[in-house]
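Below are the chains, spelled out letter by letter.
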Amino acid sequence: MKSPLEAPEKQISEETSAKTEKVAAPSVIDTSKMSEGKRAALELTEASRDPLDDRGSFASNLFIGRYDFDRIFPWPEQSAEDHAAGEDFLRKLESYLRDHVDPDEIDRTGEIPPANFAGLAEIGAFGIKVPQKYGGLGLSQYNYGRAAVLLGSWDGNVAALVSAHQSIGVAQPLLLFGTEEQKQKYLPRVSRGEISAFALTESHAGSDPATMSLRADPTPDGSEFILNGEKLWCTNGVKAGVLVVMARTAPKMVNGKERKQITAFIVDVDTPGLKVTYRCRFMGLRALYNAVVTFQDVHVPRENMISKEGAGLKVALTTLNAGRLTLPAACVGVSKRLLEISRQWAGERIQWGVPIGKHAAIAGKIAEMAGNIFAMEAVTFLTSSLLDRKAADLRIETAMCKLWATEMTWKIADDAMQVRGGRGYETAQSLAGRGEPAIGVERFLRDCRVNTIFEGSSEIMRLFIAREALDPHLKVGGAIFNTTLPKSERFKAVLGSGKFYAGWYPKQWLPGGAGDIDGLHDTLHKHVDYAAGASKRLARGLFHAMTRFGPKLDREQLLLSRFVGVATELFAISASCSYAQWLLGQGKPADETLALADYFCRSARLRIDHHFAGTAKNVDRRGYQLTQDLLAGKYDILRKGIV
Ligand SMILES: Cc1cc2nc3c(=O)[nH]c(=O)nc-3n(C[C@H](O)[C@H](O)[C@H](O)COP(=O)(O)OP(=O)(O)OC[C@H]3O[C@@H](n4cnc5c(N)ncnc54)[C@H](O)[C@@H]3O)c2cc1C
């Protein structure tokens with residue numbers, strides 16, 4: 001019986017007798033033929049990447065054809081004590097939002113009233129996960145997720161304020177990496193409501209932090225760093241008292257080459273030389289206090305460094321690994337609210353003699369919303385619960401939650417607008433002005449659009465997941481293609497990987513589902529069996545792609561995104577089945593629970609078919625060439641006739 005906490009590479013090793021010893025990350029990827037910019041970006045990210053730890057995870061194993069349903073089934077339910085611990089705060093938050101937060105007014109004015117900052121601070125909303133000994137509520141990730149659902153369902157601006165403050169702002173990195181002194185100094189402040197923010201992005205450094213230019217130079221005695229430069233789009237920056245700032249510090253020599261270093265600092269906003277110079281405004285989240293922040297000779301004491309010099313990107317990436325779970329939870333809230341609006345309208349709006357929900361085109365949209373919300377809740381709270389249990393290395397799960405939930409929510413918002421027709425496009429204020437209920441679907445649509453862009457854009461999430469998916473294979477065979485390594489090492493890799501794949505590959509063709517699973521309803525069991533088989537097909541597909549493209553596979557982003565799409569849907573199917581079985585055990589109506597889970601799984605399987613079909617037949621190459629020609633100025637016809 002395998003242990004549920006084994007790492008993929010350890011499992012591979014045991015199953016095949018191949019030695020998959022940990023290879024230093026940079027040596028498994030050949031960066032020698034890359035452009036200077038790409039090489040710098042990749043080497044910096046690789047150097048900041050923690051190897052997948054020895055515990056592995058359910059989702060990471062999908063890519064190697066290993067379907068460990070026992071890692072997520074039975075459903076890791078929230079304990080009664082943990083549930084009770086969150087109740088008081090969650091009830092306060094719910095009534096506070098309902099009674100004191102006016103989302104349409106906040107959207108219209110572009111301001112969150114000061115009273116709301118004070119009110120939220122009073123109920124502890126700014127220190128939800130911060131331990132009580134540092135002045136926070138000390139609640140679990142699961143309860144934090146429940147709070148994010150409430151916030152998302154009501155007001156995106158307040159959700160973003162609270163989330164940026166503690167999911168990526170000072171609290172999260174300090175909880176992960178802070179010294180005891182730092183925690184004692186800053187956590188009580190931010191828990192009480194002193195707003196915090198996370199400053200990574202710059203004008204030239206968006207998805208690629210290697211191009212960051214804000215510098216931190218040590219003073220001659222080394223007791224301080226002096227920061228110079230500018231940060232862009234710092235959410236909460238306008239209101240913040242304290243920031244986490246990522247800065248370039250002196251480069252390090254690695255194997256005779258200079259490697260860029262990024263270091264994280266806690267910076268008090270009242271430090272001389274720090275200025276909020278601009279408030280950015282957006283399509284949605286109109287009351288986001290998002291800032292351009294400039295630093296001119298800003299002195300920061302060395303003790304405000306988080307972790308150690310050069311570890312800044314690791315701090316940022318690790319912070320985001322868990323921090324980006326807040327967005328999918330907020331998305332559950334947004335999506336449930338939109339389903340409520342849609343189902344009510346589809347039942348009451350009569351066109352062509354019947355309620356519009358009786359027209360199959362509208363009914364199809366609402367069914368998709370319902371199935372996807374069920375799965376969104378399943379993946380988000382499964383991952384939250386596993387995170388609370390520290391059950392595994394969950395970076396792939398959290399990235400999948402973020403990627404999948406934010407994209408689904410955008411689709412749900414788009415569909416909800418279609419269901420509401422012209423009223424979906426009309427503002428709440430305008431609707432109210434002519435005597436109709438003030439239902440602001442367009443506000444939700446505007447507010448949720450950015451979710452696929454920030455905290456790791458969808459494209460970057462797919463690359464991130466693909467990198468982790470390829471990791472076991474890179475460890476086994478990456479060295480073969482790495483022209484920077486000595487021939488002897490590459491030859492050793494050929495032998496090692498031959499031995500490994502001779503054992504591993506035939507297994508990916510073995511038929512059979514997930515095996516016997518006690519206590520799983522038949523309807524769910526057949527979807528889990530499907531997922532087990534599909535994960536082998538996924539592993540084979542990925543392997544074939546690697547043999548076909550070798551070290552150039554990283555350029556095949558669209559192909560990789562299909563594999564990531566398959567795995568993400570398989571994760572969602574599996575989580576939904578586990579969740580559905582748990583709900584059945586809780587006495588929830590069986591017909592409703594099974595109908596939702598079954599609908600979702602069937603619809604996800606269609607998407608998986610589509611992804612697989614695209615791996616065999618696609619127009620990727622032609623599309624790529626077309627775009628390069630467009631970028632080069634060809635296709636004049638497409639310019640003609642416009643203003
Ligand atoms: C409302 C808002 C709030 C924000 N809050 C914060 C904050 O609090 N703190 C902070 O530090 N930052 C914040 N950001 C910045 C945000 O994280 C960035 O917008 C994001 O990282 C993307 O960077 P970019 O916009 O410069 O896009 P770019 O990096 O220029 O990318 C443009 C497009 O190209 C794609 N792309 C880029 N590189 C690749 C690649 N290698 N392969 C495939 N596709 C690629 C991207 O996915 C994107 O679609 C915020 C942004 C917004 C709009």
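About the criteria used
Residues numbered from 1 in each chain as written. Predicted model: local features only at pLDDT ≥ 70, side-chain atom pairs only at ≥ 80, totals over all residues. Heavy atoms only, no water. Helix = DSSP H or I, 4+ residues; strand = E, 2+ residues; numbered from the N terminus. Rg over C-alpha atoms; globule rule 2.2 N^0.38 Å. Buried < 20%, exposed > 50% of the residue type's maximum accessible area, 1.4 Å probe, protein only. Contact = heavy atoms within 4.5 Å. Salt bridge = Lys/Arg side-chain N within 4 Å of Asp/Glu carboxyl O. 1 Å grid on protein atoms, 1.4 Å probe; cavity = no way out; pocket = protein on both sides within 12 Å on 5 of 7 lines; lining within 4 Å. Points joined across faces, edges and corners; volume = space filled by probe spheres on them. Nonpolar A, V, L, I, M, F, W, Y, C, P; charged D, E, K, R; others polar. Axes fitted to C-alpha atoms, helices over the stretch in contact; angles between N-to-C directions. Parallel < 35°, antiparallel > 145°, perpendicular 65-115°, else oblique. Near = heavy atom within 4 Å. Polar contact = N/O pair within 3.5 Å; in protein donor to acceptor, adjacent residues only side chain to side chain. Areas by Shrake-Rupley, 256 points an atom, 1.4 Å probe, with all protein chains shown as cover. pLDDT = per-residue confidence, 0-100. Patch = residues over 30% accessible without salt bridge, like charges linked within 9 Å, V, L, I, M, F, W, Y side chains within 5 Å. Core = buried A, V, L, I, M, F, W, Y, C linked by side-chain atoms within 4.5 Å. Left-handed = near helix turned anticlockwise from the far one by under 90°.

1. Let's talk about the overall build of the chain
Point 1. Looking only at helices and strands, the chain has 24 helices and ten strands in total.
Point 2. The globule rule puts the C-alpha radius of gyration for 643 residues at 26 Å, and the 25 Å found for the chain is close to it.
Point 3. Dimensions of the chain, computed from C-alpha atoms along their principal axes, come out at roughly 75 × 70 × 65 Å.
Point 4. The buried share of the chain, reckoned over its 643 residues, is 56%.
Point 5. Sequence separation of at least 24 residues holds for 76% of the intrachain contacts in the chain that already meet a minimum separation of 6.

2. Notes on unusual backbone geometry
Point 1. Cis peptide bonds are those with omega within 30 degrees of zero, and the linkage from Phe73 to Pro74 qualifies with -5°.
Point 2. Tracing the backbone through its elements, the reader meets Pro74 in the loop between helix 4 (58-62) and helix 5 (80-100).
Point 3. With phi around 55°, Trp233 is a residue other than glycine that occupies positive phi space.
Point 4. Even without being glycine, Lys390 reaches a positive phi, approximately 50°.

3. Side note on the environment of Ser535
Point 1. Relative to the helices and strands, Ser535 resides in helix 21 (residues 522-549).
Point 2. A relative accessible area of 0% places Ser535 in the buried class.
Point 3. Separated by 368 residues in sequence, Ser535 and Ser167 place their C-alpha atoms 32 Å apart.
Point 4. For Ser535, the contacting residues outside a window of four places in its chain are Leu62, Gly65, Arg66, Tyr67 and Leu570.

4. With respect to the pattern of salt bridges
Point 1. Throughout the structure, instances matching the rule amount to 36 salt bridges.
Point 2. Notably, a salt bridge pairs Asp88 with Lys92, separated by 3.3 Å at the nearest N-O pair. Here Lys92 and Asp88 lie together in helix 5, a separation of four residues that amounts to about one turn.
Point 3. The exposure class assigned to Lys92 is partly exposed, which follows from its relative accessible area of 39%.
Point 4. In this structure, Arg215 engages Asp217 in a salt bridge whose closest nitrogen and oxygen atoms are separated by 2.7 Å.
Point 5. For Arg215, a relative accessible area of 42% puts it in the partly exposed group.

5. Details of empty space enclosed by the protein
Point 1. Using the criterion set out here, one finds two cavities of 30 Å³ or more in the structure.
Point 2. What lines the largest cavity is Lys129, Val130, Tyr144, Gln166, Ala171, Gln172 and Leu175.
Point 3. Per-element accounting of the lining of the largest cavity gives the leading share, three residues, to helix 10 (residues 171-177).
Point 4. Counted by class, the lining of the largest cavity contains four nonpolar, two polar and one charged residues.

6. Observations regarding the layout of surface pockets
Point 1. Roughly 1100 Å³ of volume is contained in the second largest pocket.
Point 2. Forming the boundary of the second largest pocket are 34 residues, of which Val149, Lys336, Ile373, Glu377 and Tyr579 lie nearest the centre.
Point 3. Every element with two or more residues in the lining of the second largest pocket is listed here: helix 5, helix 8 (141-154), helix 13 (326-348), helix 14 (360-388), helix 22 (557-585) and helix 23 (590-616).

7. Description of the environment of Ile517
Point 1. Relative to the elements of secondary structure, Ile517 occurs in the loop between helix 20 (487-507) and helix 21.
Point 2. Distance in space between the C-alpha atoms of Ile517 and His100 is 48 Å, their sequence separation being 417 residues.
Point 3. Apart from the residues within four sequence positions on either side, Ile517 is in contact with Phe69, Phe73, His525 and Val528.

8. Section: the packing of helix 8 against helix 14
Point 1. Axis separation between helix 8 and helix 14 bottoms out at 8 Å; the angle between their running directions is 150°. Classified by the angle between their axes, helix 8 and helix 14 sit roughly antiparallel to one another. Each of Gln141, Tyr142, Gly145, Arg146 and Val149 in helix 8 lies in contact with helix 14, whose residues at this interface are Phe381, Ser384, Ser385, Leu387 and Asp388.
Point 2. The residue makeup of the contact of helix 8 with helix 14, split by class, is four nonpolar, four polar and two charged.

9. Looking at the site of the ligand
Point 1. Neighbouring the ligand are 20 residues; Phe198, Thr201, Ser207, Ser457 and Glu459 lie closest to it.
Point 2. Between the ligand and Trp233 there is a distance of 3.0 Å, counted from a nitrogen atom to a backbone nitrogen or oxygen.
Point 3. Taking 960 Å² as the accessible area of the ligand by itself, protein coverage stands at 68%.
Point 4. Of all the secondary-structure elements, those providing two or more residues to the shell around the ligand are strand 1 (196-199), strand 3 (224-235) and helix 19 (458-481).
Point 5. A total of three residues in the shell around the ligand trace back to one element, the largest contributor, which is helix 19.
Point 6. Considered class by class, the residues forming the shell around the ligand number eleven nonpolar, seven polar and two charged.

10. Side note on the side chain of Ser191
Point 1. Mapped onto the elements of the fold, Ser191 is located in helix 11 (residues 180-192).
Point 2. Ser191 sits in the buried class, given a relative accessible area of 4%.
Point 3. A polar atom in the side chain of Ser191 sits 2.8 Å from the backbone oxygen of Leu187.
Point 4. Every residue in contact with Ser191, bar those within four places of it in the chain, is listed here: Phe126, Gly127, Val130, Tyr134, Gly135 and Gly136.

11. Side note on the confidence of the model for the chain
Point 1. Taken residue by residue, the chain gives an average pLDDT of 91. The fraction at 70 or more is 93%.
Point 2. Below a pLDDT of 50 lies the segment residues 1-27, which in the model reaches 60 contacts outside its immediate sequence neighbourhood of four places, other chains included.

12. A closer look at a nonpolar patch on the surface
Point 1. Where nonpolar side chains cluster on the molecular surface, the patch consists of Leu626, Leu630, Tyr635, Ile637 and Leu638 and spans about 490 Å² of accessible area.
Point 2. As for its placement among the helices and strands, Ile637 is situated in the segment after helix 24 (620-631).
Point 3. Judged by relative accessible area, Ile637 falls into the exposed class, the value being 65%.

13. Considering the environment of Thr319
Point 1. On the secondary structure map, Thr319 appears in helix 12 (residues 312-323).
Point 2. C-alpha of Thr319 to C-alpha of Thr383: the two residues are 64 residues apart in sequence and 16 Å apart in space.
Point 3. Contact partners of Thr319, with chain neighbours within four places excluded, come to Ser167, Ile168, Gln172, Pro173 and Leu176.

14. Focus: the nonpolar core
Point 1. In this structure, Leu338, Leu538, Leu570 and Ile573 are the most contacted members of the largest nonpolar core, which totals 105 residues.
Point 2. Ranked by the residues each element gives to this core, the list is headed by helix 22, at 16 residues.
Point 3. Excluding anything up to four places from it in sequence, Leu338 contacts Ile412, Ala413, Ala416, Val441 and Phe444.

15. Brief notes about the packing of helix 21 against helix 22
Point 1. Running from amino to carboxyl end, helix 21 crosses helix 22 at an angle of 160°, the nearest separation of the two axes being 10 Å. When the axes of helix 21 and helix 22 are compared, the pair comes out roughly antiparallel. As for how helix 21 packs across helix 22, the hand of that crossing is left-handed. Here Leu524, His527, Val528, Tyr530, Ala531, Ala534, Ser535, Leu538, Gly541, Leu542, Ala545 and Phe549 of helix 21 come into contact with helix 22, specifically with Leu559, Leu560, Phe563, Val566, Ala567, Leu570, Ile573, Ser574, Cys577, Ala580 and Gln581.
Point 2. In terms of residue class, the contact of helix 21 with helix 22 is built from 18 nonpolar, five polar and no charged.

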